[in-house]
Amino acid sequence: INAEYMGKKEMKVYINFEKDDEKSLPEYKLKMTLPAKWLSGPVSQITEFFVKSYNTKFPDSPLVGGDLEIRNKNDITLPGTGVVSAVIQEYADLFVVSKTKQHVNSNVSQYPYVAKIPTTTTTPKPAPSDTQFSDLDAKYQRFADFESHIDDSSDEEHPNIDKALLKRIAREKRARARQEEEQERQRLEGLGTEEAKQKLAELDKRHKFTIDEACKVKVEKSMVNASAEKRVVYEEEKDNGERLVQFIGDHGDLADQYAKLRSYEDSESFLLDHTELLSEPAAGRMLLHMLDLELDGKNYEMKRECKQYLMLRNILDLAKQLPPGQDIRQVIRPFFRQISEPEKSAELDRETLAFAKNIEKRAVQKRLEAQAEAEAAGEEAEEEVDVPDS
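Small disclaimer: the values here were computed from a predicted structure and weren't measured.

## Observations regarding the pattern of salt bridges
Line of reasoning, step 1. In this structure the tally under the stated criterion is 16 salt bridges.
Line of reasoning, step 2. Note that Arg185 and Glu181 form a salt bridge whose closest N and O atoms lie 3.0 Å from each other. With a gap of four residues between them, Arg185 and Glu181 both fall in helix α6 (residues 163-191), about one helical turn apart. Here Arg185 and Glu181 have matching classes, each one buried.
Line of reasoning, step 3. As a salt-bridge pair, Glu280 and Arg313 come within 2.7 Å of each other at their nearest N and O atoms. With Glu280 in helix α11 (residues 280-295) and Arg313 in helix α12 (residues 299-320), the pair connects residues that are 33 residues apart, well separated along the chain.
Line of reasoning, step 4. Via salt bridges that share partners, Glu280, Arg313, Asp317 and Lys320 belong to a single interconnected network.

## Remarks on the pairing of strand β2 (residues 28-35)
Line of reasoning, step 1. In terms of residue burial, β2 counts as a mostly covered element, since eight of its eight residues are buried.
Line of reasoning, step 2. Because side chains alternate across β2, one face comprises the buried residues Tyr28, Leu30, Met32 and Leu34, and the other comprises Lys29, Lys31, Thr33 and Pro35, equally buried.
Line of reasoning, step 3. Here strand β1 (residues 10-17) pairs with β2 via eight bridges, running antiparallel. Each residue of the ladder has a partner; that of Tyr14, found in β2, is Lys31.

## Let's talk about the pairing of strand β5 (residues 93-98)
Line of reasoning, step 1. Pairing of β1 with β5 involves three bridges; the strand directions are parallel. Residue Tyr14 lies in a different strand from β5, and its bridge partner there is Asp93.
Line of reasoning, step 2. In terms of strand pairing, strand β3 (residues 68-71) meets β5 through four bridges, oriented antiparallel. Paired with Arg71 across the bridge in β5 is Phe95.

## Section: the confidence of the model for the protein chain
Line of reasoning, step 1. Taken as a whole, the protein chain shows an average pLDDT of 75; of its residues, 69% reach a score of 70 or greater.
Line of reasoning, step 2. Ignoring residues within four places in sequence, the model shows residues 1-7, a span with pLDDT below 50, making 25 contacts including any to other chains.
Line of reasoning, step 3. Contacts for the low-pLDDT stretch residues 127-155, under 50 throughout, to residues beyond four places or in other chains number 79 contacts.

Rules used throughout
- Residues numbered from 1 in each chain as written.
- Predicted model: local features only at pLDDT ≥ 70, side-chain atom pairs only at ≥ 80, totals over all residues.
- Heavy atoms only, no water.
- Salt bridge = Lys/Arg side-chain N within 4 Å of Asp/Glu carboxyl O.
- Helix = DSSP H or I, 4+ residues; strand = E, 2+ residues; numbered from the N terminus.
- Buried < 20%, exposed > 50% of the residue type's maximum accessible area, 1.4 Å probe, protein only.
- Pairing = 2+ DSSP bridges.
- pLDDT = per-residue confidence, 0-100.
- Contact = heavy atoms within 4.5 Å.

Put into structure tokens, the structure is as follows:
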């Protein structure tokens, strides 16, 4: 995926070189409009262009590019090999400084990850901004408690019966019901008539899954891609965003394909076929893309992607409850069976609209922040230049 596909046509940044009294070098501010092609290029390209512009303006006080590096407003060094869109946000204030200049905080002197320029493919790979919207990520927890949501037998209580005993009785009751149901299923499957098939469909629709059942591989119900040797297990996302950057480069196109699906059946099949999406980086990528869509005025497309995101978010929340090492795919079919019911589908639609409003609010904040930064930068004396797209 390149920057243009992500809706980014260009990027404006502010490059600052503060006055160096020790070397008597003059101050210089440059507003650069980077073309889309540069967004998937290395940070060093910006450094080289700035040094060239500086030396043209101040030929008597030239800069040596090899002695300089770019840092952001938090005094963190941006790697020269890093992808521009991975480590720089639009309207960012950047500072060209000597590599020997001491950092304010040596513990965070280096950028937490380096998104290198791809060498094995001709397709540029974008990367996300630093913001991952963890506050939005936690808004939707509709199916966090899998057991209580799809099996209400645990709600039965009696004040005079010990809770542990009550739970054991409930488990035995469920076990008997499951045994009777399985016997009826085998009987209907043996008949093979149209009426029997209809009754089987009704039996499947009424069936309630517990978390224990979701963790058992059953050929006719829960086994997915039986020929696969590697399990797909849930992994917590790390704070440094390294997995997110790698996911965008390797599988960002899959996330975009999934976001465009419209039916539950297609979404279920796609997730089972493309297990790369069953991860926190995939959810993070969709959050970033939804915000980009809203910032670009594509509100309709953003709302459509919200529903796909929420379904993926629910599945990941269910996966968190599985025992360590269990395959995430075991919860996909039960989830889509439940969400296909009219009442739950309508509830998901309501939640989608509510979640979309959060994206819209965040986009408004981003625009105001960018405008404020641009106005603040405009108050200072600066030179503006459009980088040639070549």
